[in-house]
Amino acid sequence: MPVTGIGGFFFRAQDPQGLAAWYLKHLGVGAPEGQFLWDQQAGPTVFSPFKETSDYFAPDKRWMLNLRVERLDDLITSLKAAGVEVLVKPEWDASPEVGRFARIHDPEGNPIELWEPPAA
């Protein structure tokens, strides 16, 4: 296959610089202003279109960003301390072989799923 991975994720924002700074500060995603590349760790990436009627994420959103994380509990603690609302549900973690999940929204309301894969 000629495709080796996802090369970028591009989306519209009301305040692109402010939103980029929020992602970098709270999630460590992205690069400092003036830089464009974010070197990430190798690992699994799920690419999955959903049915139009799916209730996996809000029906008024066309996409949801899923970020692979380590130490989910520590990240949840730091996000809550920063005033970010974090949603967790026991049923999301019902399959330990899949991993653990939490959900947040960025300042513009875009859905983000935080995924801690199971330990290898």
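Residues numbered from 1 in each chain as written. Predicted model: local features only at pLDDT ≥ 70, side-chain atom pairs only at ≥ 80, totals over all residues. Heavy atoms only, no water.

Colleague: Is there a simple way to explain unusual backbone geometry in this structure?
Modeller: Negative phi characterises most residues that are not glycine, and trans characterises most peptide bonds. Positive phi, close to 55°, is recorded for Arg71, a residue that is not glycine. On the secondary structure map, Arg71 appears in the loop between β1 (65–68) and α2 (72–81). Relative accessible area serves as the criterion here: at 54%, Arg71 is assigned to the exposed category. (Helix = DSSP H or I, 4+ residues; strand = E, 2+ residues; numbered from the N terminus. Buried < 20%, exposed > 50% of the residue type's maximum accessible area, 1.4 Å probe, protein only.)

Colleague: So what exactly am I meant to see when it comes to the sheet that holds strand β3 (residues 111–116) here?
Modeller: In sheet architecture, strand pairing relies on hydrogen bonds along the backbone and comes in two forms, parallel and antiparallel. The three strands are arranged β1-β3-β2 in an open sheet whose pairing can be described as mixed. A strand with exactly one partner marks an edge of an open sheet, and here the two such strands are β1 and β2 (100–105). When strand polarity is set aside, the average angle formed by the axes of neighbouring strands in this sheet is 25°. Two elements, β2 and β3, share six bridges in a ladder whose sense is antiparallel. What sits directly across from Arg100, in β3, is Glu116. Strand contacts of helix α1 (residues 16–27): β1, β2 and β3, with the helix running at about 25° to β3, the strand carrying the most contacts. Seen against the sheet, α2 touches β2 and β3 and runs at an angle of roughly 20° to β2. (Pairing = 2+ DSSP bridges. Axes fitted to C-alpha atoms, helices over the stretch in contact; angles between N-to-C directions. Contact = heavy atoms within 4.5 Å.)

Colleague: How do you make sense of the layout of surface pockets when you look at a structure like this?
Modeller: Here the idea is plain: a probe the size of a water molecule rolls over the atoms and shows the empty space left. Computed from the structure, the second largest pocket encloses a volume of approximately 180 Å³. Forming the boundary of the second largest pocket are Phe57, Ala58, Met64, Glu85, Leu87, Trp92, Arg103, Ile104, His105, Pro111 and Ile112. When residues of the lining of the second largest pocket are traced back to their parent elements, those giving at least two are β2 and β3. The dominant element in the lining of the second largest pocket, judged by the number of residues it contributes, is β2, at three residues. (1 Å grid on protein atoms, 1.4 Å probe; cavity = no way out; pocket = protein on both sides within 12 Å on 5 of 7 lines; lining within 4 Å. Points joined across faces, edges and corners; volume = space filled by probe spheres on them.)

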